[in-house]
4 protein chains.
Amino acid sequence: MKQTLSVPKRKSPPSDASSQSTRELVCELCRNFYQLGWASGTGGGISIKENGRIYMAPSGVQKERLRPEDIFVLDAEGEPLEEPGRGLKLSQCAPLFLHAYKIRNAGAVLHSHSINAMAATLLFDKRFKSRNLEMQKGVEGYGAFDTVEVPIIENTAYECDLADSLEAAIRDNPKSHAVLVRRHGVYVWGKDWKQAKTHAECYDYLFEAAGRMKQLGIPLEQ
Amino acid sequence: MKQTLSVPKRKSPPSDASSQSTRELVCELCRNFYQLGWASGTGGGISIKENGRIYMAPSGVQKERLRPEDIFVLDAEGEPLEEPGRGLKLSQCAPLFLHAYKIRNAGAVLHSHSINAMAATLLFDKRFKSRNLEMQKGVEGYGAFDTVEVPIIENTAYECDLADSLEAAIRDNPKSHAVLVRRHGVYVWGKDWKQAKTHAECYDYLFEAAGRMKQLGIPLEQ
Amino acid sequence: MKQTLSVPKRKSPPSDASSQSTRELVCELCRNFYQLGWASGTGGGISIKENGRIYMAPSGVQKERLRPEDIFVLDAEGEPLEEPGRGLKLSQCAPLFLHAYKIRNAGAVLHSHSINAMAATLLFDKRFKSRNLEMQKGVEGYGAFDTVEVPIIENTAYECDLADSLEAAIRDNPKSHAVLVRRHGVYVWGKDWKQAKTHAECYDYLFEAAGRMKQLGIPLEQ
Amino acid sequence: MKQTLSVPKRKSPPSDASSQSTRELVCELCRNFYQLGWASGTGGGISIKENGRIYMAPSGVQKERLRPEDIFVLDAEGEPLEEPGRGLKLSQCAPLFLHAYKIRNAGAVLHSHSINAMAATLLFDKRFKSRNLEMQKGVEGYGAFDTVEVPIIENTAYECDLADSLEAAIRDNPKSHAVLVRRHGVYVWGKDWKQAKTHAECYDYLFEAAGRMKQLGIPLEQ
């Protein structure tokens, strides 16, 4: 379905105006995710691919206070095209994001430290499972009566060391638009920023629902 | 009780200004509901009937980012009078909303994916029940010492397939201003948008209270 | 302690400017309380006494959308001095608020439907008790190692019928700045709006803490 | 890592503009913390050291409504350089904050009454412990597979009486950037306001995670 809300897509090479609006969008969404509790403590964030250029936040900074001039711009291989300077470093998530861009042809990739996502990795072993919830329909390819599965990979000491297992999980689970990381959070993507955000909100709801059911004594795999 | 807060009601045929203000109101309320967690992942939303015209959001779009020009306008039978174009599609909820407009003479109908509503459907079989809570008084026809009942219908794979069972639930429960859908959410209506919103907030409180009581070990049917 | 933040107190007869700023303050605080979940579904609200005049919101309206011209102004006996008209009715809480103004010489009285307050009435019989929490110090007359007690009165079908038992509870508990109402919410007051709001925030924290402790298996009366 | 987001650091003696921007920053962060539930009921707050001058909020006032002219300015020994007057008193936290400034060479110190922090002190005896959570990496000196420990000191009737045990806890736990106070809250610091805020958000996440795990039946010391 074609959607024309908010920032329009352009097919021509990026003008300065297009680049600026994508930079602003990254900042706006990071503020949004901070409000949702997904990006506290400098964690989390979103990367957007637009006209073959990948916009990405710097590492270790407060995501809710990003300004457009703080954003890195990479080419499709992850090589920097524009750097903010001022000592800012590219996010350690960059290689992880690139896997979703390349393997899944994603248009945006989101990383969340939501406590719902982290807690969901404590309730399941190798795969998170959700069954028979309407919100599953917000994840492309799933219906309300399907089982949504999300692979859970083990955390590593350095975020860049997640790259291989994340790549394997993406390849081994072609239906999933997300990979959970144990005691850490979740990576979610979509064909564009709207779908990535929609996927992230729906998955987070499913993670929260699992915790809520556990607390209420409702069997998770109903 | 006549209320004159905010947008005034007009009895004359809709001027462009009236139509515009109702479109803006739909957008504003959707932002409000997103903040409340009722409309994440493009789910949920509100439809308002004004001067015989029904204003409704498109399907599958981020409800918190709606703009007035994205809204569909239908006649009382659900036939489109104004369409936003740009590939936007009418909400699948449209036939469901129409039942509340027709059978209950509603002035606004709201659909929420609140996790409180979803979880409430896991605590009861055929009917949600709340007893002896002050917030029940916010639902027209109920007092603080009544039992508020909300029918729970089973979810369907496609939202439009809910229409028949929703219609039956509305007809069979003339006192209720809401119908819960199992593992999905809730439809709520009122004589105007203020009452629909008030009903939705009060019902959501009752749903949340049921979950809270369950967690605290308090009997639900006290 | 004298505080001079925000709206200054005036000792002279109220100018139009003074009256207007108090009306705006009531509206602003109601928006604040809606955000906190204390005033959803048209419930809750705050009344402020300024220069012998009592400012009060109308009944059954959305508290977060109040405008200054919607506010009632009463004299110290509760007789209306200024009415908004337009079908708006005085809050049923008015006689309850007056008890706190008269018996305790309050400067502001707040009513909250916070689910934390409601749930706290399910955990205790005649009196809510909190022990050894730092936030108790925000309630005038209590230290961190005291026991804060709040009387719980039984709810009534009509809010005005609470007046007598509320009055008795106020008189019988001279140390308390609040009265809980079973399965309903809480009335809180203070010498001015700042203290009433501070009291309300501190009591709500104590109510929430009691529920949290119960969920964590921590004895409430430690 | 040098960060240049938001307010720049100046090495020259403070101009009026520098002082004003730090005052505004304290107010802005206090509003932020109120939204997070860390500073309700006049509790909590942040102090920032800039150019050898310490900016601190007054005692017992609503932190979310502070204005720049309400802020105290102290020298490095805690002697007042600028006072707001108008009856405002220096925070009782001042001596506590000074310990972190002196012993740890902190650039900002934050005090939070977050219910997550308070509840965490009920789950552990002498030391809060968190293991194997990614968010630990937001606390300087810790990795995702370390054990983060935060000393818990007993609360005192008067906040100033915490000074000695807080000082001892700071000295005895050189790796920690925070001290929990039983049934009270937490003190957190960092080399500048950004790190103090990042530390506070990460610690709060760890505290919340501990409570969540307990509710879900997950062993805390996994």
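Please read these numbers as outputs of a predicted model, since none were measured by experiment.

*Asks:* Outline the overall build of chain A, listing residues and values.
*Replies:* When you go through chain A residue by residue, the secondary structure sums to five helices and nine strands. Taken from the N to the C terminus, the helices and strands of chain A come in the order α-β-β-β-β-α-β-α-β-β-α-β-β-α. Relative to its full complement of 222 residues, chain A shows a buried share of 61%. Split by element, the accessible area of chain A, about 8,100 Å² in all, is 48% carbon and sulfur.

*Asks:* Before we move on, can you summarise unusual backbone geometry with the specific residues and values?
*Replies:* The general pattern is negative phi for most residues beyond glycine and trans for most peptide bonds. Positioned with a positive phi, B:Thr42 is a non-glycine residue whose angle comes to about 70 degrees. Relative to the elements of secondary structure, B:Thr42 occurs in the loop between helix 1 (16–35) and strand 1 (45–50). Using a relative accessible area of 15% as the deciding quantity, one classes B:Thr42 as buried. At C:Arg86, a position not held by glycine, the phi torsion is positive, near 50 degrees. When you line up the elements, C:Arg86 lands in the loop between strand 4 (80–82) and helix 2 (94–104).

*Asks:* Summarise helix 1 (residues 16–35) of chain C; cite the residues concerned and give the values.
*Replies:* Residue and element names in this part refer to chain C. The terminal C-alpha atoms of helix 1 lie 29 Å apart, and with 20 residues this matches the ideal 28 Å at 1.5 Å per residue to within 8%. The set of residues buried in helix 1 consists of Ser18, Ser19, Thr22, Arg23, Leu25, Val26, Cys27, Leu29, Cys30, Asn32, Phe33 and Tyr34. Within two residues after helix 1, Gly37 carries a phi angle of roughly 80 degrees, on the positive side.

*Asks:* An account of the pairing of strand 8 (residues 178–181) of chain A is requested, with residue identities and associated values reported.
*Replies:* Two faces make up the sheet, and in a regular strand the side chains alternate between them. All names here are of chain A. Both faces of strand 8 are covered, namely the face carrying Ala178 and Leu180 and the face carrying Val179 and Val181. As paired elements, strand 7 (residues 147–153) and strand 8 share two bridges and run parallel to each other. By the bridge assignment for strand 8, Ile153 is matched with Val181. Regarding topology, helix 4 (residues 163–172) serves as the crossover connection from strand 7 to the parallel strand 8, and that connection is right-handed. Where strand 8 folds back on strand 9 (residues 185–190), the antiparallel hairpin that results is connected by three residues, among which Arg183 adopts a positive phi of roughly 55 degrees.

*Asks:* Run through the relation of the copies chain C and chain D, naming residues and quoting values.
*Replies:* In this arrangement, two copies of a chain are superimposed by a rotation about an axis accompanied by a shift along the axis. If you rotate chain C by 90 degrees and push it 0.0 Å along the axis, it lands on chain D with an RMSD of 0.0 Å. Interpreted geometrically, this transformation is the action of a four-fold axis. Measuring from the rotation axis to each C-alpha of chain C, the shortest distance belongs to C:Gln215, at 4.8 Å. In this assembly, only 3% of the residues forming the interface of chain C have copies in chain D that are likewise at the interface, indicating a heterologous arrangement.

*Asks:* With reference to specific residues and values, describe the side chain of B:Asp204.
*Replies:* Take B:Asp204: it is sitting in helix 5 (residues 193–216). Comment: no salt bridge for buried B:Asp204; closest opposite-charge side chain is A:Arg212, at 8.2 Å. Separated by 2.7 Å, the side chains of B:Asp204 and B:Ser114 make a polar contact. Residue contacts for B:Asp204: discarding those within four places in its chain leaves B:Trp38, B:Ser114, B:Asn116 and B:Ala117.

*Asks:* I'd like to hear about the interface of chain D and chain A, residue by residue, with values.
*Replies:* Contact residues are listed per partner, giving 33 residues for chain D and 35 residues for chain A. Summing both partners gives a buried area of about 3,000 Å² for chain D against chain A, and 53% of it is carried by carbon and sulfur. Across the pair D:Glu28 and A:Arg65 runs a salt bridge whose closest N-O atoms are separated by 2.9 Å. Scanning the region where chain D abuts chain A turns up 15 residue pairs in polar contact (both at pLDDT 80 or more). Listing elements by their share of the side of chain D that touches chain A, those giving two or more residues are helix 1 (16–35) and helix 5 (193–216) of chain D.

*Asks:* Go over the pattern of salt bridges, please, and point to the residues and values.
*Replies:* On inspection of all chains with the given rule, the structure shows 60 salt bridges over all chains. Taking the shortest distance from any N to any O, the salt bridge between B:Arg23 and B:Glu82 comes out at 2.5 Å. One end of the pair, B:Arg23, is in helix 1; the other, B:Glu82, is in strand 4 (residues 80–82), and 59 residues separate them in sequence. Residue classification places B:Arg23 among the buried residues on the basis of a relative accessible area of 9%. With its nearest N and O atoms 2.9 Å apart, the salt bridge here joins C:Glu77 to C:Lys102. Taken together, the residues span a long stretch of sequence, with C:Glu77 in the loop between strand 3 (72–74) and strand 4 and C:Lys102 in helix 2 at a distance of 25 residues. For C:Glu77, a relative accessible area of 52% puts it in the exposed group.

*Asks:* Tell me about the sheet that holds strand 4 of chain B, and name the residues and values.
*Replies:* Residues and elements named next belong to chain B. Spatial ordering of the open sheet is given by 4-3-2-1-5-9-8-7-6, a layout of nine strands whose pairing is mixed. The sheet is open, and its two edges are formed by strand 4 and strand 6 (127–131), each paired on a single side. Direction aside, the axes of adjacent strands within the sheet are offset by 25 degrees on average. Pairing geometry for strand 6 and strand 7 (residues 147–153), over five bridges, is antiparallel. Note on strand 7: the bridge partner recorded for Arg127 is Pro151. Helix-sheet contacts for helix 5 involve strand 1, strand 5 (108–112), strand 6, strand 7, strand 8 (178–181) and strand 9 (185–190), and the interaxial angle to strand 9 is about 145 degrees.

*Asks:* I'd like a description of the arrangement of the chains, backed by residues and values.
*Replies:* Kept free of each other, chain A and chain C leave a smallest C-alpha distance of 10 Å between them. Between chain B and chain D there is no contact; the minimum C-alpha to C-alpha separation amounts to 10 Å.

*Asks:* So what about the interface of chain C and chain D? Which residues, and what values?
*Replies:* Between chain C and chain D, the contact holds 34 residues from the first and 34 residues from the second. Between chain C and chain D lies a buried interface of about 3,000 Å² when both sides are counted; carbon and sulfur atoms form 53% of it. In this assembly, chain C and chain D are joined by two salt bridges. Where C:Lys197 meets D:Glu64, a salt bridge forms, and the shortest distance between an N and an O atom there is 2.3 Å. Our enumeration of links across chain C and chain D arrives at 15 residue pairs in polar contact (both at pLDDT 80 or more). Of all the secondary structure elements, the ones that give two or more residues to the side of chain C that touches chain D are helix 1 and helix 5 (193–216) of chain C. Among the elements that line the side of chain C that touches chain D, the one with the most residues is helix 5 of chain C, at 13 residues. Among the residues forming the side of chain C that touches chain D, the class breakdown is 16 nonpolar, eight polar and ten charged.

Reading the values: rules and limits
Residues numbered from 1 in each chain as written. Chains lettered and ligands numbered in written order. Predicted model: local features only at pLDDT ≥ 70, side-chain atom pairs only at ≥ 80, totals over all residues. Heavy atoms only, no water. Helix = DSSP H or I, 4+ residues; strand = E, 2+ residues; numbered from the N terminus. Buried < 20%, exposed > 50% of the residue type's maximum accessible area, 1.4 Å probe, protein only. Areas by Shrake-Rupley, 256 points an atom, 1.4 Å probe, with all protein chains shown as cover. Expected span 1.5 Å × (residues − 1). Pairing = 2+ DSSP bridges. Right-handed = clockwise from strand over helix to strand, strands pointing away. Least-squares fit on C-alpha atoms with pLDDT ≥ 70 in both. Contact = heavy atoms within 4.5 Å. Lys, Arg positive; Asp, Glu negative; His and termini not counted. Salt bridge = Lys/Arg side-chain N within 4 Å of Asp/Glu carboxyl O. Polar contact = N/O pair within 3.5 Å; in protein donor to acceptor, adjacent residues only side chain to side chain. Buried area = accessible area lost by both parts, 1.4 Å probe. Axes fitted to C-alpha atoms, helices over the stretch in contact; angles between N-to-C directions. Nonpolar A, V, L, I, M, F, W, Y, C, P; charged D, E, K, R; others polar.

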